[in-house]
Structure formats: C-alpha cells, structure tokens
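The primary structure of each chain is shown beneath.
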Amino acid sequence: MSDYVVELDNVHAGYLPGVNILNGANLTAAKGELIGIIGPNGAGKSTMLKSMFGQVKIREGAVRLNGEDITGLRANKLVSKGVGFVPQTNNVFPSLTVAENFQMGGYQNPKVVAGRTDFVMSIFPDLAKRGLNTRAGSLSGGERQMVAMGRALMMDPHVLLLDDPSAGLSPS
C-alpha cells in the first residue's frame, strides 16, 4: 500500500496522436489532502484530470490509486475502485431530478444510494432546500455543481477529481 491515495508518475498524454498536452506530469496526493491545480487556459489542467479518469489516452507514465496501477482503466472500473470525477461542463443529466442524478452516481451499488443521498444533502443545504424531485435542468449553475459533486460522492470515493469546481458559482 502506498503512502499516497493518488499518484501521477511522468505522465505524457494528449488528444491527438503524436501531440502531447502533458509532458511528464507528476502529482502525489495523500489521504485527506486537498490540491488545487492553477494555470492559464490551455495549460493542461483538465487534460491531467481527464487522463487520471481514463478519458484521455496516457502514452507514457502511470497513474496509481493506493499504490495500484490504474493507468488506462475505463471510467466504470475507476469508479468501482474509488475514483470520483466531476467534469467542468455538461456535468448533470438536466432532464433527470436531483434524486435520479444521485441514483446514476450510485448505479454500481444501488444499496448505498439512500444513505449517501442523506449525507450529500446534509453537506449541500441549499440543494436540500430545492428538493430531490427538482429537475436538474431547472437549477442554477452553482446548484448544478452541487448535484454533480453529490453524484460523484454517491460511491464514497477515495479521491474526488473536480474540474473547475467554481465554474458558474456566485460569490455566495
């Protein structure tokens, strides 16, 4: 078992063949640690998160979760191993209710949904005021972010990857 929950080791990755966005990216995160990646548009922040979550091909290097190599695993396998991901855009199912979005987050283990829903609603009281039966598409940008984070929390992940979590949020 590693000292780190997640590790990126010399990761080279990109969208087009032969064109890397990441060229030797390294990162380590210990249990309970919060890390923010800051940089200008186009620096590779989203690419790094997407490569960790199996959405961008890693050409060289490795991603490890609790010491286990998870490089290139598909998203469903990563979720079952304890990785949660909230994309920057299109991060909710707008035609579904808040409760249905949460159920989608717990689809691999539906038995946890009820207890995790109560937990998520307790950490997002503004979302709780709107209610579980509210359609996600009718929510504000910040409320949608809460739904997306809540959906990712349904499987009680070891690591939660948030791509620009403050996008669309009001100062309050």
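The preceding data block contains the structure.
In this text, all values refer to a predicted model and were calculated from it rather than measured experimentally. (Residues numbered from 1 in each chain as written. Predicted model: local features only at pLDDT ≥ 70, side-chain atom pairs only at ≥ 80, totals over all residues. Heavy atoms only, no water.)

*Asks:* Hey, could you run me through the packing of aromatic side chains in this one?
*Replies:* Working definition: an aromatic ring pair is given by the centre-to-centre distance plus the angle between the planes. What the rule picks out here adds up to 1 aromatic pair. For the pair Phe53 and Phe85, a centre-to-centre distance of 5.0 Å together with 25° between the ring planes defines the contact as stacked. With a gap of 32 residues between them, Phe53 in the loop between helix 1 (45–52) and strand 3 (58–65) and Phe85 in strand 5 (residues 83–86) connect regions that are remote in the sequence. The exposure classification of Phe53 matches that of Phe85, with both residues buried. (Phe/Tyr/Trp six-rings, centres within 6.5 Å; stacked < 30°, edge-to-face > 60°. Helix = DSSP H or I, 4+ residues; strand = E, 2+ residues; numbered from the N terminus. Buried < 20%, exposed > 50% of the residue type's maximum accessible area, 1.4 Å probe, protein only.)

*Asks:* Looking at this structure, I do not really get the side chain of Arg151. What am I missing?
*Replies:* Looking at the secondary structure, you find Arg151 in helix 6 (residues 141–153). The side chain of Arg151 is buried and forms no salt bridge, while Glu100, the nearest opposite charge, is found at 11 Å. Within the structure, Arg151 has its side chain in polar contact with the backbone oxygen of Asn91 (distance 2.6 Å). Ignoring any residue separated from it by four or fewer positions in sequence, one finds Arg151 in contact with Asn91, Val92, Phe93, Asn101, Phe102, Met104 and Gly105. (Lys, Arg positive; Asp, Glu negative; His and termini not counted. Salt bridge = Lys/Arg side-chain N within 4 Å of Asp/Glu carboxyl O. Polar contact = N/O pair within 3.5 Å; in protein donor to acceptor, adjacent residues only side chain to side chain. Contact = heavy atoms within 4.5 Å.)

*Asks:* Looking at this model, I keep getting lost on unusual backbone geometry. Mind explaining?
*Replies:* What you tend to see is this: most non-glycine residues have negative phi, and most peptide bonds are trans. For Asn66, which is not glycine, the phi dihedral falls at a positive 50°. With respect to the helices and strands, Asn66 occurs in the loop between strand 3 and strand 4 (68–69). Within the chain, Asp156 stands out as a residue other than glycine whose phi angle is a positive 50°.

*Asks:* Explanation requested: the pattern of salt bridges in the structure shown.
*Replies:* Any two side chains of opposite charge can pair, on the condition that their charged atoms come close. On inspection of all chains with the given rule, the structure shows 7 salt bridges. For Asp9, the salt bridge is made with Arg64, and the minimal N-O distance between the two is 3.4 Å. Remark: Arg64 occurs in strand 3 and Asp9 occurs in strand 1 (residues 6–13); sequence separation between them is 55 residues. The residue Asp156 makes a salt bridge to Arg116 at a minimum N-O spacing of 3.7 Å. Separated by 40 residues along the polypeptide, Asp156 in the loop between helix 6 and strand 6 (159–162) and Arg116 in helix 4 (residues 113–123) bring together distant segments of the chain. Among the residues examined, Arg116 registers a relative accessible area of 15% and is labelled buried. When salt bridges with common partners are traced through the structure, they connect Glu7, Asp9 and Arg64 into a single cluster.

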